[in-house]
Amino acid sequence: MRILVTGAAGFLGSHLCDRLIKEGHFVIGMDNFITGSPDNLAHLAGNPNFLFIRHDVSNFIFVPGKVDAVLHFASPASPNPNSPYGYTNLPIQTMKAGALGTHNTLGVARAHRAKYLLASTSEIYGDPLEHPQKESYWGHVDPIGVRSVYDEAKRFAEALTMAYHRYHGIDTRIVRIFNTYGPRMRLDDGRVVPNFIQQALRHEPLTIYGDGSQTRSFCYVDDLIEGIYRLLLSDEHNPVNIGNPTETTILEFAQTINQIVGNPAGVVFQPASRLGDDPQRRQPDITRARQILKWEPKISLAEGIQRTIPYFSQKMGLSS
Ligand code: NAD
Ligand code: UDP
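Cut-offs used in this document
- Residues numbered from 1 in each chain as written.
- Chains lettered and ligands numbered in written order.
- Predicted model: local features only at pLDDT ≥ 70, side-chain atom pairs only at ≥ 80, totals over all residues.
- Near = placed C-beta within 6 Å.
- Helix = DSSP H or I, 4+ residues; strand = E, 2+ residues; numbered from the N terminus.
- Nonpolar A, V, L, I, M, F, W, Y, C, P; charged D, E, K, R; others polar.
- Pairing = 2+ DSSP bridges.
- Axes fitted to C-alpha atoms, helices over the stretch in contact; angles between N-to-C directions.
- Buried ≥ 20, exposed ≤ 12 C-beta atoms within 10 Å, placed from the backbone.
- Right-handed = clockwise from strand over helix to strand, strands pointing away.

### Here's the deal with the site of ligand 1
Okay, step 1: Around ligand 1 there are 29 residues in total, and Gly7, Gly10, Phe11, Gly36 and Ala74 lie nearest to it.
Okay, step 2: Secondary-structure elements contributing two or more residues to the shell around ligand 1 are α1 (11-22), α2 (91-112) and β5 (115-121).
Okay, step 3: Top contributing element to the shell around ligand 1 by residue count: α1, with three residues.
Okay, step 4: Along the lines of polarity and charge, the residues of the shell around ligand 1 split into 13 nonpolar, 13 polar and three charged.

### Section: the sheet that holds strand β2 (residues 26-31)
Okay, step 1: What the seven strands build is an open sheet, ordered β3-β2-β1-β4-β5-β6-β11; its pairing is parallel. Each edge of the open sheet carries a strand with a single partner, namely β3 (50-54) and β11 (240-242). Along the sheet, successive strands turn relative to each other by an average axial angle of 20 degrees, direction set aside.
Okay, step 2: Pairing of β5 with strand β6 (residues 172-177), which is carried by six bridges, proceeds in the parallel orientation. Note on β6: the bridge partner recorded for Tyr116 is Thr172.

### Regarding the pairing of strand β1 (residues 2-6)
The two faces of the sheet receive side chains in turn, since in a regular strand these alternate between them.
Okay, step 1: Across the five residues of β1, four count as buried, placing the element largely inside the fold.
Okay, step 2: Alignment of β1 against β2, held across five bridges, turns out to be parallel. Among the inter-strand pairings, Thr6 is bridged to a residue of β2, identified as Met30.
Okay, step 3: Between β1 and its parallel partner β2, the chain crosses via α1, and the hand of that crossover is right-handed.
Okay, step 4: Sheet topology places β1 next to strand β4 (residues 69-72); four bridges connect them, and they run parallel. Across the sheet, Thr6 pairs through a bridge with His72, a residue of β4.

Here it is in structure tokens:
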């Protein structure tokens, strides 16, 4: 297939490009570098199965030649207001990537009668009142909360994707991605994995927002990409959760990272107030992914963190 991947210079987008090329597809990567980096695609320079187009997906998209599939991953993704790359500091760009970007990419799929896959998120469940979260849960989102620029853009994107499927008959898929980590995460986007690993490698205390009792369920990037690839090849049009169901409190997560890295500095607690509606619990129910895609994650948290540390260490100049 000739596949358009938006957000190609980002963390997930770049891994997706690698996997698709490895499977024998031709990939057209698109990105405007607002939160991504050309470094993530440097290894693909000169690859005959890869073409890069620098473009903002909020504007009309032109792709040279035939397109068989469109994977829309372009969007800021970090909620941290302490980082200039956090979506609360890019509120209009985030809403445009989710709304106009989804409209434009669906337009490409419609023009080419191509398959379409939307990168949605566990954030559409908001601060959930059901636990763990099944795809049938409608969510608990404040439409004007600080995180709403991301949550509501993704909810709109899902609704628009289903509208194109139902009204125009486009062959769409929706993946609801839960917290994923691994090499190529931006060091300064303020997400918990880059923050904690860098602090641990510097032997500084890990900054916990709030009391650390909030939970997340962390998936290693290779597991996630496998699930997404299986979804692309499936005929499933309804949303599918992809994530690792192993739930941990943020305090336990910090302690795990300190233990693996050998950081004696412990943790420090910071007020959670600026984060506003930080979800208190998050864990995917992956029954549908298991049944429909025969997929489940294989890589444990300890192993995934071990695989991620060398990337951060190298980017920080601590190793070659
Ligand atoms: P990322 O910031 O590393 O990647 C996003 C990429 O999109 C960046 O390269 C950025 O420059 C690009 N981009 C943003 N707006 C754009 C625009 N208007 N035009 C062109 N390119 C644009 O983040 P990520 O973690 O790789 O997330 C990728 C996708 O997966 C996002 O849609 C995000 O919502 C979704 N997601 C990620 C996670 C996760 O845990 N990583 C969880 C849920 C959903
Ligand atoms: N968090 C933290 N310290 C940090 C960064 C994040 O305690 O330095 C917490 C944050 O409050 C949230 C969790 O870690 O409860 C995950 O945050 P992240 O920004 O990675 O993404 P989210 O899951 O909230 O979208």
